[in-house]
Amino acid sequence: MVPALEVKGLSKVYANGFEALKGIDLSVGQGDFFALLGPNGAGKSTTLGILSGLVQKTAGQASIMGFDVNRDAFRAKQHLGVVPQEFNFNQFEKVRDIVITQAGFFGLTAAQAAENTDYLLQQLDLWDKRDTQARMLSGGMKRRLMIARALVHKPKVLILDEPTAGVDIELRRSMWEFMQRLNEQGTTIILTTHYLEEAEQLCRNIAIINHGEIVQATSTRELLTQLHTETFVFDLAEAVSGDVVIDQFVVHQVSPDCLEITVEKGQSLNHIFQQLSEKQLEVRSMRTKSNRLEELFVGLLQEQK
């Protein structure tokens, strides 16, 4: 089975001499939910630009579903849907018309275009706004309109560039659910995001790019095993007077009823609960202090400097 996306020795040098990509290799299997992460200027947008035909590569190869993005550009684009960061539709055009017009670019009949458009607008909670000018939509609705437009020709590969930037938490969660359903139906999704919680929550595999080079490419689960320490926050049922000491663990008492406990790789949370129970301290809730993937991401980039 050919990869959904594959790049080999991909490089890009701009006219001013800036080397945005330094011969990267990357492969994404069909049906994967994949995250491409990296700080601003790392090379993410350049990579996506080459894949979507907006940026010309300097060297290397790039293909979508086995079709070279330069030699077989039309067939490659037939399999690809792209949701860029910027809103790039006609703000004065009606919502439904924007999506139907996009379908026409891919050769769908009027009936197919209407059927696919209406389905997507309903799935993305835009049906009630179908006859509204795009300029009247909220930022979150415009973002969903971009997704509907990218999916109208039923591509096998969907690239989402910062899809939940600027949307509220509730909308972000609903978009996560939609993307998960889409992936379960067989669509390969490639996600770039600064909300690293998204990558940890949604993606099975991750590549981290920095200074035009792939720093790491592995499964999300494998990447998270590289964390050597993790801090957990324990909310206690009752306030405690005095310091709480847990043998073999570093404890920071944030407040009388809240503890932060650092757990090293190989240590068991059971030992913490056992000692808290012996001290007759009841735990009301427990959570991680910060996003695990973010901690690892920062650590990897620091190692590269």
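Now for a description of the structure that goes with this document. (Residues numbered from 1 in each chain as written. Predicted model: local features only at pLDDT ≥ 70, side-chain atom pairs only at ≥ 80, totals over all residues. Heavy atoms only, no water.)

1. So, helix H6 (residues 169–184)
To keep it simple, the criterion reads: By definition, any uninterrupted DSSP run of H or I lasting at least four residues is a helix, any uninterrupted run of E lasting at least two residues is a strand, and each is numbered from the N terminus. What a helix should span is 1.5 Å times the count of its residues minus one.
For H6, spanning 16 residues, the distance from its first C-alpha to its last is 23 Å, which sits close to the expected 22 Å at 1.5 Å a residue. Positive phi shows up at Gly-186, right after H6, with a value of about 115°.

2. Side note on the side chain of Ser-11
Selection rule: To sort residues, take the accessible area from a 1.4 Å probe on protein chains only and compare it with the maximum for the residue type: under 20% means buried, over 50% means exposed, and anything in between is partly exposed. By definition in these notes, contact holds between two residues if any of their heavy atoms fall within 4.5 Å.
With respect to the element layout, Ser-11 can be found in strand E1 (residues 5–13). Assessed through its relative accessible area of 13%, Ser-11 is described here as buried. Setting aside residues no more than four positions away along its own chain, Ser-11 makes contact with Leu-21, Gly-23, Lys-57, Thr-58 and Ala-59.

3. Overview of the packing of aromatic side chains
Just so we agree on the cut-off: Stacked, tilted and edge-to-face are the three classes applied to pairs of Phe, Tyr and Trp rings, where Trp contributes its six-membered ring and a pair requires centres within 6.5 Å; stacked means planes under 30 degrees apart, edge-to-face means over 60, and tilted covers the rest. Note on criteria: charge over ring means Lys NZ or Arg CZ within 6 Å of the ring centre, with the direction from the centre no more than 35 degrees off the ring normal.
Enumeration according to the criterion identifies two aromatic pairs in this entry. With centroids separated by 6.0 Å and ring planes inclined at 35°, the aromatic side chains of Phe-87 and Phe-89 adopt a geometry described as tilted. Plain terms: the ring middles of Phe-234 and Phe-273 are 5.7 Å apart, the flat faces sit at 70° to each other, and that makes the pair edge-to-face. With Phe-234 in strand E11 (residues 229–236) and Phe-273 in helix H9 (residues 269–278), this pair connects stretches of sequence that are 39 residues apart. If you follow Lys-12 out to its NZ or CZ, it ends over the ring of Tyr-14, 4.9 Å from the centre. Directly above the aromatic system of Trp-127 lies the positively charged group of Arg-130, at a separation of 4.0 Å from the ring centroid.

Interpretation in functional terms is not warranted from these geometric data alone.
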